[in-house]
Amino acid sequence: ARSRLPLGPSQPKMSRHLKSKSPAEFFAEHQNIAGFDNPGKSLYTTVREFVENSLDAAESIGVLPSITLSIEQVDQDSLNELRGYKSRK
């Protein structure tokens, strides 16, 4: 069992009231930690995660990986169409 030290008056008030956050909430507030603080870094992080996860999945089932990656630049209207959003025009 873990013993807890009493919080004294000299400790900051914030340390008395800790808030639990989900990983998604934490990384949404701290995008730089997750690697999503600028477009170039976001693309790099996304591709790296995709490849690493694919390699891990292949390794976990004992098969050689076959990874195909295609990256295209699209305009906002095309992106919205891919997402299934209706155009506001």
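Predicted model, so just to flag it, every value in this text is computed and none were measured. (Residues numbered from 1 in each chain as written. Predicted model: local features only at pLDDT ≥ 70, side-chain atom pairs only at ≥ 80, totals over all residues. Heavy atoms only, no water.)

K.L.:
Looking at this structure, how should I read the overall build of the chain?
P.N.:
Regarding its fold elements, the chain presents 4 helices and 0 strands. The buried share among the 89 residues of the chain stands at 6%. Sequence-distant contacts in the chain: of pairs separated by 6 or more residues, those separated by 24 or more amount to 6%. Accessible surface, the chain as shown: approximately 8,600 Å² in total, 55% of it carbon and sulfur. (Helix = DSSP H or I, 4+ residues; strand = E, 2+ residues; numbered from the N terminus. Buried < 20%, exposed > 50% of the residue type's maximum accessible area, 1.4 Å probe, protein only. Contact = heavy atoms within 4.5 Å. Areas by Shrake-Rupley, 256 points an atom, 1.4 Å probe, with all protein chains shown as cover.)

K.L.:
Could you clarify how one ought to interpret a nonpolar patch on the surface in this entry?
P.N.:
On the surface, L43, F50, L55, I67, L69 and I71 cluster together into a nonpolar patch covering about 520 Å² of accessible area. Mapped onto the fold, I71 is located in the loop between helix 3 (39-60) and helix 4 (76-83). (Patch = residues over 30% accessible without salt bridge, like charges linked within 9 Å, V, L, I, M, F, W, Y side chains within 5 Å. Salt bridge = Lys/Arg side-chain N within 4 Å of Asp/Glu carboxyl O.)

K.L.:
Honestly, helix 3 in this entry has me stumped. Any pointers?
P.N.:
For the α-helix, the turn length of 3.6 residues means that residues three or four positions removed from each other point alike. Between its first and last C-alpha, helix 3 extends 31 Å over 22 residues, near the 32 Å set by a 1.5 Å rise per residue. By the burial criterion, the buried members of helix 3 are S42, T45 and A58. A side-chain oxygen of the first residue of helix 3 lies 3.1 Å from the backbone nitrogen of G40; this N-cap is N38. Trailing helix 3 by a residue or two, G62 shows a phi angle of about 70°, which is positive. (Expected span 1.5 Å × (residues − 1). Polar contact = N/O pair within 3.5 Å; in protein donor to acceptor, adjacent residues only side chain to side chain.)

K.L.:
How should the environment of E25 be read in this particular structure?
P.N.:
Note on placement: E25 falls in helix 1 (residues 23-29). Using a relative accessible area of 38% as the deciding quantity, one classes E25 as partly exposed. There is a polar contact of 2.9 Å between the side chain of E25 and the backbone nitrogen of S22.

K.L.:
What is the right way to look at the pattern of salt bridges in this model?
P.N.:
Two side chains bearing opposite charge may form a pair once their charged atoms approach each other closely. Under the defined criterion, the tally for this structure stands at 4 salt bridges. Close ionic contact of R48 with E52 constitutes a salt bridge, the shortest N to O distance being 3.7 Å. Taken together, the residues span about one helical turn, with R48 and E52 both in helix 3 at a distance of 4 residues. With a relative accessible area of 30%, R48 lands in the partly exposed category. Taking relative accessible area as the criterion, E52 reaches 36% and is therefore assigned partly exposed.

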